[in-house]
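Survey of secondary and tertiary structure
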Amino acid sequence: MASATKQQRSGPYVGGEWVTTEGWLSVEDLTEDGETFARIPAAGPEEATAALDAAAETEARMRGTTIPERVEWLDAIAAGLEARKDELAETIVREAGKPISSARGEVDSAAERFRRAAGEARSLTGEHRTGTTAGHEGWEALVKPEPVGTVLSIAPYNYPLMTTALHIAPALAAGNCVVLKPASQTPVTGRILTEVIAETGVPEGAFNFVPGAASEIGDVLAGSDTIGAIVMTGSSGAGEHVARESGMVNLLMELGGNAPAVVFPDADLDAAAAACAKGSLKYAGQRCSAVSRVLAHESIHDDLVERIEPAMDEWVVGDLFDEETDLGPLISEDQADWVEELIEDALEKGARLVRGGGREGRFVEPTLLADVPHDARIVTEEQFGPVVAVTTIEDEDDAVRVANAGDLALDAAVFTADHDRAMALADRIDAGAVRINGAPSHGLGDLPFGGNKASGIGREGIGVSIERFVRRKTVVL
């Protein structure tokens with residue numbers, strides 16, 4: 001792994017150069033309680049502005065690059081990530097608190113996303129059209145894709161490499177410049193990615209890295225009139241703020257989630273229980289697409305709870321560098337406070353604690369709540385914690401009503417053996433995606449992903465994001 005000295009030296013990357021700053025970001029080591037993993041020079045308003053200026057000055061050069069050039073960069077980035085897989089995986093474990101097996105998988109997935117973007121870039125073509133309306137019979141036109149200019153990436157802490165790849169790879173594939181603002185909790189992963197990109201031949205100024213506090217540089221970046229598009233993954237509150245600050249730019253936002261898993265009596269209850277446990281506990285529930293509430297038909301509520309409890313035993317708590325470990329701490333004490341608050345609210349309102357519920361520092365025990373009332377906050381608010389909250393529904397109409405309550409509509413799941421019921425519920429549940437007989441999952445970017453209501457704006461994926469990062473110019477002959 002990179003030395004601590006190198007970690008302290010590398011900070012913002014602006015216009016093809018690493019720059020020094022007066023401020024610092026201190027990154028906790030989530031494998032060593034109370035220890036510091038790294039200190040990263042933090043960008044302030046001056047560095048953020050310089051990054052925007054560098055990108056703006058490089059837009060014309062990037063617009064003139066060819067598809068083969070971009071494909072070469074994207075493939076080189078993928079290879080560079082794979083070459084530093086061990087370093088990246090250890091970094092993700094330490095600063096994001098992710099088990100090592102998941103961290104390695106994240107590096108593999110990020111590399112694959114860059115390769116998929118290279119493939120999609122080859123299909124980014126224009127078209128020739130002829131006039132079809134009266135008076136325009138002799139017209140001919142070329143419709144050409146061109147980059148929007150500069151894409152601002154606001155990346156999350158929970159998938160600091162894989163989600164960032166989903167932001168950056170399509171932006172570069174489309175010929176845009178990029179300014180990356182990583183999450184303050186996970187800037188070291190972003191720094192290593194930046195080092196990889198800097199070695200690929202991407203023009204100086206085309207990729208810029210500005211680690212820093214959102215309170216210091218967030219509005220400078222989001223409010224810039226030089227930005228052509230903003231792609232963001234984060235909380236709904238943060239997304240709403242960015243949307244207010246931004247001007248007339250293309251917004252692509254994947255925000256908060258509170259995915260319901262609706263389970264009917266005719267479902268395979270063992271499979272549903274395992275899927276609900278996995279959907280709730282993977283990465284300690286710190287995922288926008290996590291199963292946040294299980295809506296069990298009243299006739300099977302107790303049976304399903306009895307099956308979920310042993311399914312939770314499969315999720316091993318332990319040393320994050322142990323290959324067998326599945327669960328670790330939450331990202332911060334504040335996040336653990338929030339999850340604890342939601343658990344206590346549910347219990348005060350009548351929920352039954354089946355297992356877990358304890359908390360030590362950043363670690364919250366895997367928790368199973370049964371008979372959760374519909375007015376408990378955990379039924380409508382994003383938890384981002386390792387809690388399986390089971391409530392009851394009476395019928396399909398009741399399932400739709402409970403599932404659609406609240407302002408989050410990112411993901412959902414339906415468990416039933418009835419095809420017609422599954423499709424009807426998929427149509428009626430307000431969500432960006434509904435999975436039938438499985439926990440929400442979105443692959444590597446081949447499927448459009450995004451939410452409705454406060455869960456986001458637009459859909460992201462490799463191909464669909466490239467389309468969001470280009471604009472069509474019509475040249476009439």
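Residues numbered from 1 in each chain as written. Predicted model: local features only at pLDDT ≥ 70, side-chain atom pairs only at ≥ 80, totals over all residues. Heavy atoms only, no water.

1. What to know about the pairing of strand β4 (residues 36–42)
Extensive coverage of β4 is indicated by the burial of five of its seven residues. Bridge count between strand β3 (residues 23–28) and β4: six bridges; the pairing is antiparallel. Bridging across to β4, Trp-24 finds its partner in Pro-41. (Buried < 20%, exposed > 50% of the residue type's maximum accessible area, 1.4 Å probe, protein only. Helix = DSSP H or I, 4+ residues; strand = E, 2+ residues; numbered from the N terminus. Pairing = 2+ DSSP bridges.)

2. Thoughts on the pattern of salt bridges
Scanning all chains against the criterion turns up 32 salt bridges. Residues Glu-87 and Arg-84 are paired through a salt bridge, measuring 3.0 Å at the closest nitrogen-oxygen approach. The exposure class assigned to Glu-87 is buried, which follows from its relative accessible area of 14%. A salt bridge links Arg-116 to Glu-112, with the nearest nitrogen and oxygen atoms 3.3 Å apart. In this pair, Arg-116 and Glu-112 both sit in helix α5 (residues 100–121), four residues apart, roughly one turn of the helix. (Salt bridge = Lys/Arg side-chain N within 4 Å of Asp/Glu carboxyl O.)

3. A closer look at the UniProt feature "domain: Aldehyde dehydrogenase" (unreviewed entry) in the protein
Cross-referencing UniProt, the feature "domain: Aldehyde dehydrogenase" (unreviewed entry) maps to residues 33–475 in the present numbering. Secondary structure across residues 33–475 divides into 40% helix and 21% strand, with the first and last C-alpha atoms of the span separated by 60 Å. (UniProt positions renumbered as here; feature names shortened; annotations may be inferred.)

4. Quick look at the sheet that holds strand β14 (residues 352–355)
Read across the sheet, seven strands follow the order β14-β17-β18-β13-β12-β20-β21 without closing on themselves; strand pairing throughout is mixed. Only two strands of the sheet have a single partner each, and these edge strands are β14 and β21 (433–436). Within this sheet the neighbouring strands show an average axis-to-axis angle of 25°, counted without direction. Here strand β13 (residues 291–297) pairs with strand β18 (residues 387–393) via four bridges, running parallel. Paired with His-297 across the two strands is Ile-393, which belongs to β18. Lying on the sheet, helix α12 (residues 333–348) is in contact with β14, β17 (367–370) and β18; it crosses β17 at an angle near 25°. (Axes fitted to C-alpha atoms, helices over the stretch in contact; angles between N-to-C directions. Contact = heavy atoms within 4.5 Å.)

5. Quick notes on the sheet that holds strand β6 (residues 140–147)
If you trace the three strands from one edge of the open sheet to the other, you get β5-β6-β24, paired in antiparallel fashion. Where the open sheet ends on each side, the last strands, each with one partner, are β5 (127–130) and β24 (470–476). When the angles between neighbouring strand axes are averaged without regard to direction, this sheet yields 30°.

6. Focus: the UniProt feature "active site" (unreviewed entry) in the protein
Within this structure's numbering, the places UniProt gives as "active site" (unreviewed entry) are Glu-254. Its place among the elements puts Glu-254 in strand β11 (residues 250–254). For Glu-254, a relative accessible area of 5% corresponds to the buried category. Sequence-distant contacts of Glu-254, that is, excluding residues within four places in its chain, are made with Met-232, Thr-233, Gly-234, Cys-288, Leu-410, Phe-449, Ser-455 and Glu-460.

7. Remarks on the domain arrangement of the protein
Each assigned domain of the protein is listed here: domain 1 (12–255 + 455–476) and domain 2 (259–436). Taken over C-alpha atoms, the centre of domain 1 sits 32 Å from the centre of domain 2. In this assembly, 25 residues from domain 1 lie in contact with 23 residues from domain 2. Summed over both sides, the interface of domain 1 with domain 2 buries roughly 2,000 Å², with 56% coming from carbon and sulfur. (Domains from an automatic or database assignment. Buried area = accessible area lost by both parts, 1.4 Å probe.)

8. Re unusual backbone geometry
In this model, Ala-284 sits at a positive phi of 55°, which is unusual for a non-glycine residue. As for its position among the elements, Ala-284 is in the loop between α10 (269–281) and β13. Accessibility expressed as a relative area gives 2% for Ala-284, which makes it buried. In this model, Phe-384 sits at a positive phi of 55°, which is unusual for a non-glycine residue. Here Phe-384 shows up in the loop between β17 and β18. On the accessibility criterion, Phe-384 (12% relative accessible area) is buried.

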